[in-house]
Amino acid sequence: MSAVVEIEGLRKTFHTLRRGRQVAVDGFDMVVEAGQVHGFLGPNGSGKTTTLRALLGLVRADEGRMAVLGERSPERLTRVAGRVGAIVESPQFFGNFTAHRTLGLLARAGGVPVARVDEVLAQVGLRGREHDRVRGYSLGMKQRLAVASALLKSPELLILDEPANGLDPAGIREMRDLMRSLADAGVTVLVSSHILAEIQLICDHVTIIARGRLVAAGRVTEVLANFDRHEVRVRADDPARAAELLRAAGLTVVDHPDHLVVGGVDDDTTVSRLLGEQGVWLRELTPLRPDLESVFLELTGTDSHPALPRQAGGPTEAMIDLDVSGVDA
Ligand SMILES: Nc1ncnc2c1ncn2[C@@H]1O[C@H](COP(=O)(O)OP(=O)(O)OP(=O)(O)O)[C@@H](O)[C@H]1O
Ligand SMILES: [Mg+2]
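Below is a short write-up of the structure. Not measured: the values here are computed from a predicted model. (Residues numbered from 1 in each chain as written. Chains lettered and ligands numbered in written order. Predicted model: local features only at pLDDT ≥ 70, side-chain atom pairs only at ≥ 80, totals over all residues.)

Our next topic: the environment of A216. Locating A216 in the fold gives a position in strand β10 (residues 213–219). When the C-alpha atoms of A216 and L151 are compared, they prove to be 29 Å apart, with 65 residues separating the residues in sequence. Setting aside anything within four residues of it in sequence, one finds A216 in contact with I208, V223 and L299. (Helix = DSSP H or I, 4+ residues; strand = E, 2+ residues; numbered from the N terminus. Contact = placed C-beta atoms within 7 Å.)

Our focus in this paragraph is the packing of helix α8 (residues 239–248) against helix α9 (residues 269–277). Running from N to C, α8 and α9 point in directions that differ by 115°, and their axes come no closer than 10 Å. With respect to the hand of their crossing, α8 and α9 are arranged in right-handed fashion. Contacts between α8 and α9 involve A242, L245 and L246 on the former and, on the latter, V271, L274 and L275. Taken together, the residues that form the contact of α8 with α9 break down as six nonpolar, no polar and no charged. (Axes fitted to C-alpha atoms, helices over the stretch in contact; angles between N-to-C directions. Left-handed = near helix turned anticlockwise from the far one by under 90°. Nonpolar A, V, L, I, M, F, W, Y, C, P; charged D, E, K, R; others polar.)

With that settled, consider the nonpolar core. Counting 77 residues, the largest nonpolar core has L103 and A148 as its most contacted members. Counting residues per element, this core draws most heavily on helix α4 (residues 139–151), at seven residues. Setting aside residues no more than four positions away along its own chain, L103 makes contact with V117, V120, L121, A148, S149 and L152. Ranked by size, the runner-up nonpolar core spans 12 residues in total, among them V232, A236, A242 and L246. (Core = buried A, V, L, I, M, F, W, Y, C linked by C-beta atoms within 7 Å. Buried ≥ 20, exposed ≤ 12 C-beta atoms within 10 Å, placed from the backbone.)

Take helix α5 (residues 169–184) next. Each α-helix winds once per 3.6 residues, and so residues spaced three or four apart point in a common direction. Over its 16 residues, α5 runs 22 Å from end to end, which matches the ideal 22 Å to within 8%, given 1.5 Å per residue. Taken together, the buried positions of α5 are occupied by I172, M175, R176, L178, M179 and L182. Around the axis of α5, the buried residues are gathered within 160° of arc, so they sit on the same side. Exposed positions of α5 whose direction lies more than 90 degrees from the buried face are P169, A170, D177, S181 and D184. If you follow the buried residues of α5, they end up packed against β3 (37–41), α3 (116–123), β7 (157–161), β8 (188–193) and α6 (196–202). Following α5 by one or two positions, G186 adopts a phi angle in the positive range, close to 100°. (Expected span 1.5 Å × (residues − 1). Arc of directions from axis to C-beta.)

It is worth spelling out the pairing of strand β11 (residues 231–236) at this point. Only one face of β11 is covered, namely the one carrying V232, V234 and A236; the face carrying E231, R233 and R235 has none of its residues buried. In this structure, β11 lies alongside strand β14 (residues 282–288), joined through six bridges in antiparallel fashion. Opposite R235, over in β14, you have E284 as the bridge partner. The sheet contact formed by β11 and strand β13 (residues 259–263) spans three bridges and is antiparallel. Within the sheet, the bridge partner assigned to V234 lies in β13 and is L260. (Pairing = 2+ DSSP bridges.)

Turning our eyes to something else, we now look at the pairing of strand β2 (residues 20–32). As paired elements, strand β1 (residues 5–16) and β2 share 10 bridges and run antiparallel to each other. The residue of β2 that forms the bridge with E6 is V31. Counted along the chain from β1 to the antiparallel partner β2, the turn is three residues long.

Put into C-alpha coordinates, the structure is as follows:
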(Lines give C-alpha, C1' and ligand atoms only; values in the text may rest on other atoms or scores of the structure.)
(Ligands and ions follow the chains in the order given, each with its own letter.)
Protein backbone atom coordinates (compact mmCIF):
# COMPACT_ATOMS: atom_id res chain seq x y z
CA MET A 1 0.00 0.00 0.00
CA SER A 2 1.54 3.33 -1.03
CA ALA A 3 -1.17 6.01 -0.83
CA VAL A 4 -1.39 8.25 2.23
CA VAL A 5 -4.69 6.68 3.25
CA GLU A 6 -5.97 3.34 1.97
CA ILE A 7 -9.14 1.66 3.11
CA GLU A 8 -10.31 -1.58 1.58
CA GLY A 9 -13.47 -3.46 2.45
CA LEU A 10 -14.02 -1.73 5.78
CA ARG A 11 -16.97 -3.08 7.72
CA LYS A 12 -18.11 -1.94 11.13
CA THR A 13 -21.22 -2.98 13.02
CA PHE A 14 -22.45 -1.67 16.32
CA HIS A 15 -24.64 -3.56 18.73
CA THR A 16 -27.17 -1.45 20.54
CA LEU A 17 -29.78 -2.50 23.03
CA ARG A 18 -32.57 -0.60 21.39
CA ARG A 19 -31.85 -1.12 17.71
CA GLY A 20 -29.90 -4.37 17.76
CA ARG A 21 -27.13 -4.88 15.24
CA GLN A 22 -26.41 -1.79 13.12
CA VAL A 23 -24.16 -1.90 10.09
CA ALA A 24 -22.49 1.50 10.16
CA VAL A 25 -19.92 0.90 7.41
CA ASP A 26 -20.31 -1.86 4.85
CA GLY A 27 -17.47 -2.91 2.54
CA PHE A 28 -16.20 0.63 2.17
CA ASP A 29 -13.11 1.64 0.15
CA MET A 30 -11.22 4.93 0.05
CA VAL A 31 -7.86 6.01 -1.32
CA VAL A 32 -6.24 9.37 -0.55
CA GLU A 33 -3.05 10.13 -2.44
CA ALA A 34 -0.28 12.44 -1.24
CA GLY A 35 -0.95 16.13 -1.81
CA GLN A 36 -4.71 15.81 -2.21
CA VAL A 37 -7.29 17.90 -0.44
CA HIS A 38 -9.78 15.10 -0.24
CA GLY A 39 -13.42 15.66 0.69
CA PHE A 40 -15.26 12.87 2.47
CA LEU A 41 -18.96 13.43 1.94
CA GLY A 42 -22.08 11.73 3.15
CA PRO A 43 -25.40 12.47 4.83
CA ASN A 44 -25.85 12.32 8.60
CA GLY A 45 -25.33 8.80 9.87
CA SER A 46 -23.74 7.53 6.66
CA GLY A 47 -20.57 6.34 8.41
CA LYS A 48 -18.00 9.12 7.96
CA THR A 49 -17.00 9.46 11.59
CA THR A 50 -17.03 5.70 12.09
CA THR A 51 -14.71 5.28 9.09
CA LEU A 52 -12.28 7.90 10.37
CA ARG A 53 -12.36 6.46 13.87
CA ALA A 54 -11.65 2.99 12.53
CA LEU A 55 -8.82 4.34 10.39
CA LEU A 56 -7.25 5.97 13.44
CA GLY A 57 -7.68 2.92 15.62
CA LEU A 58 -10.25 4.61 17.84
CA VAL A 59 -12.83 1.93 17.15
CA ARG A 60 -12.25 -1.67 16.11
CA ALA A 61 -13.25 -2.61 12.58
CA ASP A 62 -15.00 -5.95 11.97
CA GLU A 63 -13.34 -6.41 8.59
CA GLY A 64 -11.12 -4.57 6.17
CA ARG A 65 -7.57 -3.52 5.44
CA MET A 66 -6.45 -0.02 6.23
CA ALA A 67 -3.15 1.83 5.96
CA VAL A 68 -1.97 5.30 6.94
CA LEU A 69 1.23 6.65 5.37
CA GLY A 70 1.99 3.14 4.20
CA GLU A 71 1.64 1.50 7.63
CA ARG A 72 -1.10 -0.97 8.43
CA SER A 73 -3.75 0.44 10.73
CA PRO A 74 -4.32 -0.03 13.56
CA GLU A 75 -1.46 -2.53 14.08
CA ARG A 76 1.40 -0.25 13.05
CA LEU A 77 -0.24 3.13 13.49
CA THR A 78 2.09 4.21 16.27
CA ARG A 79 4.96 4.25 13.74
CA VAL A 80 3.33 7.12 11.85
CA ALA A 81 1.31 8.77 14.62
CA GLY A 82 3.77 11.66 14.83
CA ARG A 83 3.16 12.49 11.18
CA VAL A 84 -0.63 12.55 11.40
CA GLY A 85 -2.84 15.24 12.90
CA ALA A 86 -6.48 14.32 13.39
CA ILE A 87 -9.64 15.77 14.85
CA VAL A 88 -12.53 13.37 14.90
CA GLU A 89 -15.70 14.94 16.32
CA SER A 90 -15.29 17.88 18.66
CA PRO A 91 -12.45 17.38 21.09
CA GLN A 92 -12.92 18.60 24.63
CA PHE A 93 -10.48 20.93 26.36
CA PHE A 94 -10.13 22.08 29.95
CA GLY A 95 -12.31 25.16 30.24
CA ASN A 96 -10.07 26.67 32.88
CA PHE A 97 -6.97 26.62 30.69
CA THR A 98 -6.14 29.20 28.09
CA ALA A 99 -5.50 28.14 24.51
CA HIS A 100 -1.85 29.05 24.97
CA ARG A 101 -1.50 26.83 28.02
CA THR A 102 -3.45 24.00 26.43
CA LEU A 103 -1.26 24.00 23.35
CA GLY A 104 1.88 24.41 25.44
CA LEU A 105 1.00 21.27 27.40
CA LEU A 106 0.21 19.35 24.25
CA ALA A 107 3.46 20.51 22.65
CA ARG A 108 5.51 19.36 25.62
CA ALA A 109 3.67 16.06 25.85
CA GLY A 110 4.20 15.49 22.14
CA GLY A 111 7.86 16.50 22.11
CA VAL A 112 7.15 19.50 19.90
CA PRO A 113 9.17 22.74 20.37
CA VAL A 114 7.02 25.16 22.38
CA ALA A 115 7.80 27.89 19.83
CA ARG A 116 5.41 26.03 17.57
CA VAL A 117 2.48 27.12 19.79
CA ASP A 118 2.57 30.71 18.55
CA GLU A 119 2.87 29.54 14.98
CA VAL A 120 -0.23 27.33 15.12
CA LEU A 121 -2.19 30.00 17.00
CA ALA A 122 -1.44 32.39 14.15
CA GLN A 123 -2.27 29.75 11.55
CA VAL A 124 -5.79 29.19 12.91
CA GLY A 125 -6.44 32.86 13.64
CA LEU A 126 -6.54 32.64 17.43
CA ARG A 127 -3.83 35.24 18.05
CA GLY A 128 -5.09 37.90 20.45
CA ARG A 129 -7.37 35.47 22.30
CA GLU A 130 -4.77 32.88 23.26
CA HIS A 131 -4.58 34.05 26.87
CA ASP A 132 -8.35 33.84 27.43
CA ARG A 133 -9.81 30.78 29.12
CA VAL A 134 -11.19 28.19 26.72
CA ARG A 135 -14.45 28.16 28.71
CA GLY A 136 -15.25 31.60 27.29
CA TYR A 137 -14.58 30.56 23.70
CA SER A 138 -17.26 30.31 21.07
CA LEU A 139 -17.82 26.98 19.32
CA GLY A 140 -15.87 28.27 16.34
CA MET A 141 -12.92 29.29 18.52
CA LYS A 142 -12.88 25.85 20.15
CA GLN A 143 -12.89 24.35 16.68
CA ARG A 144 -9.87 26.47 15.75
CA LEU A 145 -8.10 25.42 18.93
CA ALA A 146 -8.73 21.81 17.99
CA VAL A 147 -7.23 22.38 14.56
CA ALA A 148 -4.28 24.18 16.16
CA SER A 149 -3.66 21.14 18.37
CA ALA A 150 -3.67 18.87 15.33
CA LEU A 151 -1.18 21.14 13.57
CA LEU A 152 1.35 21.21 16.41
CA LYS A 153 3.25 18.23 15.05
CA SER A 154 3.46 19.79 11.56
CA PRO A 155 1.64 16.73 10.25
CA GLU A 156 2.02 15.38 6.71
CA LEU A 157 -1.56 14.17 6.87
CA LEU A 158 -4.33 16.16 8.48
CA ILE A 159 -7.67 14.46 9.09
CA LEU A 160 -10.55 16.72 10.03
CA ASP A 161 -14.05 15.48 10.75
CA GLU A 162 -16.52 18.27 10.02
CA PRO A 163 -14.16 21.18 10.68
CA ALA A 164 -16.74 23.71 9.51
CA ASN A 165 -19.24 22.71 12.24
CA GLY A 166 -20.16 25.70 14.31
CA LEU A 167 -18.25 28.16 12.17
CA ASP A 168 -19.81 31.29 10.71
CA PRO A 169 -19.31 32.08 7.01
CA ALA A 170 -16.17 34.10 7.74
CA GLY A 171 -14.83 31.27 9.90
CA ILE A 172 -15.60 28.75 7.18
CA ARG A 173 -13.72 30.89 4.68
CA GLU A 174 -10.73 31.10 7.02
CA MET A 175 -10.80 27.33 7.53
CA ARG A 176 -10.88 26.93 3.78
CA ASP A 177 -7.92 29.27 3.31
CA LEU A 178 -6.07 27.41 6.05
CA MET A 179 -6.64 24.04 4.38
CA ARG A 180 -5.54 25.42 1.04
CA SER A 181 -2.39 26.93 2.49
CA LEU A 182 -1.59 23.63 4.23
CA ALA A 183 -2.13 21.81 0.96
CA ASP A 184 0.13 24.29 -0.83
CA ALA A 185 2.76 23.52 1.79
CA GLY A 186 2.48 19.83 0.87
CA VAL A 187 0.14 18.60 3.61
CA THR A 188 -2.41 15.99 2.53
CA VAL A 189 -5.82 16.93 3.91
CA LEU A 190 -8.74 14.55 4.40
CA VAL A 191 -11.81 16.49 5.43
CA SER A 192 -15.33 15.27 6.04
CA SER A 193 -18.20 17.66 5.63
CA HIS A 194 -21.70 18.07 4.43
CA ILE A 195 -21.20 21.69 3.44
CA LEU A 196 -20.92 20.77 -0.18
CA ALA A 197 -20.28 24.19 -1.64
CA GLU A 198 -17.26 24.42 0.66
CA ILE A 199 -15.99 21.03 -0.34
CA GLN A 200 -16.35 21.97 -3.98
CA LEU A 201 -14.26 25.08 -3.37
CA ILE A 202 -11.42 23.46 -1.46
CA CYS A 203 -11.22 19.82 -2.47
CA ASP A 204 -9.68 18.41 -5.62
CA HIS A 205 -10.86 14.86 -4.86
CA VAL A 206 -13.94 13.43 -3.15
CA THR A 207 -15.23 10.18 -1.78
CA ILE A 208 -18.99 10.02 -1.27
CA ILE A 209 -20.50 7.57 1.20
CA ALA A 210 -24.18 6.72 1.72
CA ARG A 211 -25.55 4.20 4.22
CA GLY A 212 -22.05 2.96 4.92
CA ARG A 213 -21.27 2.23 1.27
CA LEU A 214 -19.09 3.94 -1.28
CA VAL A 215 -21.20 5.64 -3.94
CA ALA A 216 -18.68 7.78 -5.84
CA ALA A 217 -15.02 8.69 -5.72
CA GLY A 218 -12.48 10.52 -7.79
CA ARG A 219 -11.42 13.92 -8.98
CA VAL A 220 -14.21 16.43 -8.26
CA THR A 221 -14.35 17.52 -11.90
CA GLU A 222 -14.69 13.91 -13.05
CA VAL A 223 -17.37 13.01 -10.52
CA LEU A 224 -19.31 16.08 -11.64
CA ALA A 225 -18.74 15.35 -15.34
CA ASN A 226 -20.43 11.97 -14.90
CA PHE A 227 -23.59 13.82 -13.94
CA ASP A 228 -23.47 16.41 -16.70
CA ARG A 229 -26.71 16.07 -18.67
CA HIS A 230 -25.76 18.85 -21.04
CA GLU A 231 -28.62 21.03 -19.91
CA VAL A 232 -29.11 24.69 -20.70
CA ARG A 233 -31.50 27.25 -19.27
CA VAL A 234 -33.38 29.00 -22.02
CA ARG A 235 -35.51 32.12 -21.92
CA ALA A 236 -37.09 33.12 -25.20
CA ASP A 237 -39.53 35.79 -26.37
CA ASP A 238 -42.11 33.05 -27.20
CA PRO A 239 -41.52 30.26 -24.66
CA ALA A 240 -44.38 28.02 -25.83
CA ARG A 241 -43.18 28.08 -29.42
CA ALA A 242 -39.56 27.65 -28.30
CA ALA A 243 -40.49 24.52 -26.30
CA GLU A 244 -42.37 23.13 -29.26
CA LEU A 245 -39.47 23.67 -31.67
CA LEU A 246 -36.89 22.23 -29.31
CA ARG A 247 -39.00 19.15 -28.59
CA ALA A 248 -39.58 18.65 -32.28
CA ALA A 249 -35.79 18.65 -32.68
CA GLY A 250 -35.54 15.76 -30.20
CA LEU A 251 -34.34 17.69 -27.16
CA THR A 252 -35.87 17.22 -23.72
CA VAL A 253 -37.63 20.32 -22.46
CA VAL A 254 -38.89 20.98 -18.93
CA ASP A 255 -41.11 24.03 -18.49
CA HIS A 256 -40.49 26.36 -15.57
CA PRO A 257 -42.52 29.50 -14.83
CA ASP A 258 -40.07 31.90 -16.46
CA HIS A 259 -37.67 29.64 -18.36
CA LEU A 260 -37.15 26.26 -19.98
CA VAL A 261 -34.53 23.67 -19.08
CA VAL A 262 -33.38 21.95 -22.22
CA GLY A 263 -31.46 18.69 -21.94
CA GLY A 264 -29.29 16.70 -24.30
CA VAL A 265 -27.65 19.81 -25.76
CA ASP A 266 -24.24 18.71 -26.99
CA ASP A 267 -23.54 21.97 -28.77
CA ASP A 268 -24.88 25.22 -27.29
CA THR A 269 -25.29 26.79 -30.73
CA THR A 270 -27.91 24.16 -31.63
CA VAL A 271 -30.52 25.89 -29.48
CA SER A 272 -29.94 29.40 -30.81
CA ARG A 273 -29.86 28.15 -34.39
CA LEU A 274 -33.04 26.07 -34.06
CA LEU A 275 -34.96 28.96 -32.54
CA GLY A 276 -33.45 31.78 -34.60
CA GLU A 277 -34.23 30.01 -37.86
CA GLN A 278 -37.91 30.03 -36.88
CA GLY A 279 -37.95 33.65 -35.72
CA VAL A 280 -37.96 32.87 -31.98
CA TRP A 281 -35.39 34.98 -30.17
CA LEU A 282 -33.35 34.10 -27.13
CA ARG A 283 -33.18 36.26 -24.04
CA GLU A 284 -30.92 33.83 -22.18
CA LEU A 285 -28.95 30.68 -22.92
CA THR A 286 -27.03 29.42 -19.88
CA PRO A 287 -25.27 26.07 -19.64
CA LEU A 288 -26.27 24.28 -16.40
CA ARG A 289 -23.33 22.40 -14.96
CA PRO A 290 -23.99 19.98 -12.10
CA ASP A 291 -22.63 21.05 -8.74
CA LEU A 292 -21.57 18.80 -5.91
CA GLU A 293 -24.78 19.49 -4.05
CA SER A 294 -27.06 18.18 -6.81
CA VAL A 295 -24.80 15.19 -7.44
CA PHE A 296 -24.71 14.44 -3.73
CA LEU A 297 -28.51 14.57 -3.43
CA GLU A 298 -28.90 12.29 -6.42
CA LEU A 299 -26.29 9.78 -5.24
CA THR A 300 -27.31 9.63 -1.63
CA GLY A 301 -31.07 9.81 -2.21
CA THR A 302 -31.63 11.84 0.92
CA ASP A 303 -35.41 11.70 0.57
CA SER A 304 -35.57 7.96 1.07
CA HIS A 305 -33.00 8.08 3.84
CA PRO A 306 -34.58 8.50 7.29
CA ALA A 307 -32.69 10.77 9.63
CA LEU A 308 -30.49 8.61 11.81
CA PRO A 309 -29.48 9.54 15.29
CA ARG A 310 -25.99 10.91 15.66
CA GLN A 311 -23.31 8.90 17.30
CA ALA A 312 -23.61 8.76 21.06
CA GLY A 313 -21.68 11.51 22.83
CA GLY A 314 -19.01 11.08 25.43
CA PRO A 315 -15.44 12.21 25.36
CA THR A 316 -13.85 11.73 21.98
CA GLU A 317 -10.26 10.89 21.38
CA ALA A 318 -9.13 14.09 19.78
CA MET A 319 -5.73 13.04 18.63
CA ILE A 320 -4.22 10.00 17.13
CA ASP A 321 -1.40 10.56 19.58
CA LEU A 322 -3.30 9.06 22.45
CA ASP A 323 -0.71 10.05 25.00
CA VAL A 324 -1.56 13.70 24.44
CA SER A 325 -5.32 13.23 24.41
CA GLY A 326 -5.64 13.52 28.15
CA VAL A 327 -6.74 17.11 27.87
CA ASP A 328 -10.37 16.11 27.88
CA ALA A 329 -12.52 18.25 30.12
N1 LIG B 1 -20.85 4.05 19.24
C2 LIG B 1 -21.90 3.75 18.48
N3 LIG B 1 -22.85 2.89 18.91
C4 LIG B 1 -23.90 2.56 18.13
N5 LIG B 1 -24.12 3.04 16.89
C6 LIG B 1 -23.22 3.89 16.41
C7 LIG B 1 -22.06 4.30 17.16
N8 LIG B 1 -21.34 5.16 16.41
C9 LIG B 1 -22.01 5.30 15.25
N10 LIG B 1 -23.14 4.54 15.24
C11 LIG B 1 -24.10 4.40 14.13
O12 LIG B 1 -23.38 4.21 12.93
C13 LIG B 1 -23.96 4.93 11.86
C14 LIG B 1 -22.92 5.85 11.26
O15 LIG B 1 -22.61 6.89 12.18
P16 LIG B 1 -21.46 7.95 11.95
O17 LIG B 1 -21.35 8.77 13.18
O18 LIG B 1 -20.27 7.27 11.45
O19 LIG B 1 -22.08 8.81 10.76
P20 LIG B 1 -21.57 10.20 10.15
O21 LIG B 1 -21.53 9.99 8.67
O22 LIG B 1 -20.33 10.64 10.82
O23 LIG B 1 -22.79 11.16 10.49
P24 LIG B 1 -22.80 12.75 10.83
O25 LIG B 1 -22.78 13.46 9.50
O26 LIG B 1 -24.13 12.94 11.51
O27 LIG B 1 -21.63 13.06 11.70
C28 LIG B 1 -25.15 5.64 12.45
O29 LIG B 1 -26.28 4.85 12.21
C30 LIG B 1 -24.85 5.71 13.92
O31 LIG B 1 -26.02 5.74 14.68
MG1 LIG C 1 -19.87 12.32 11.92
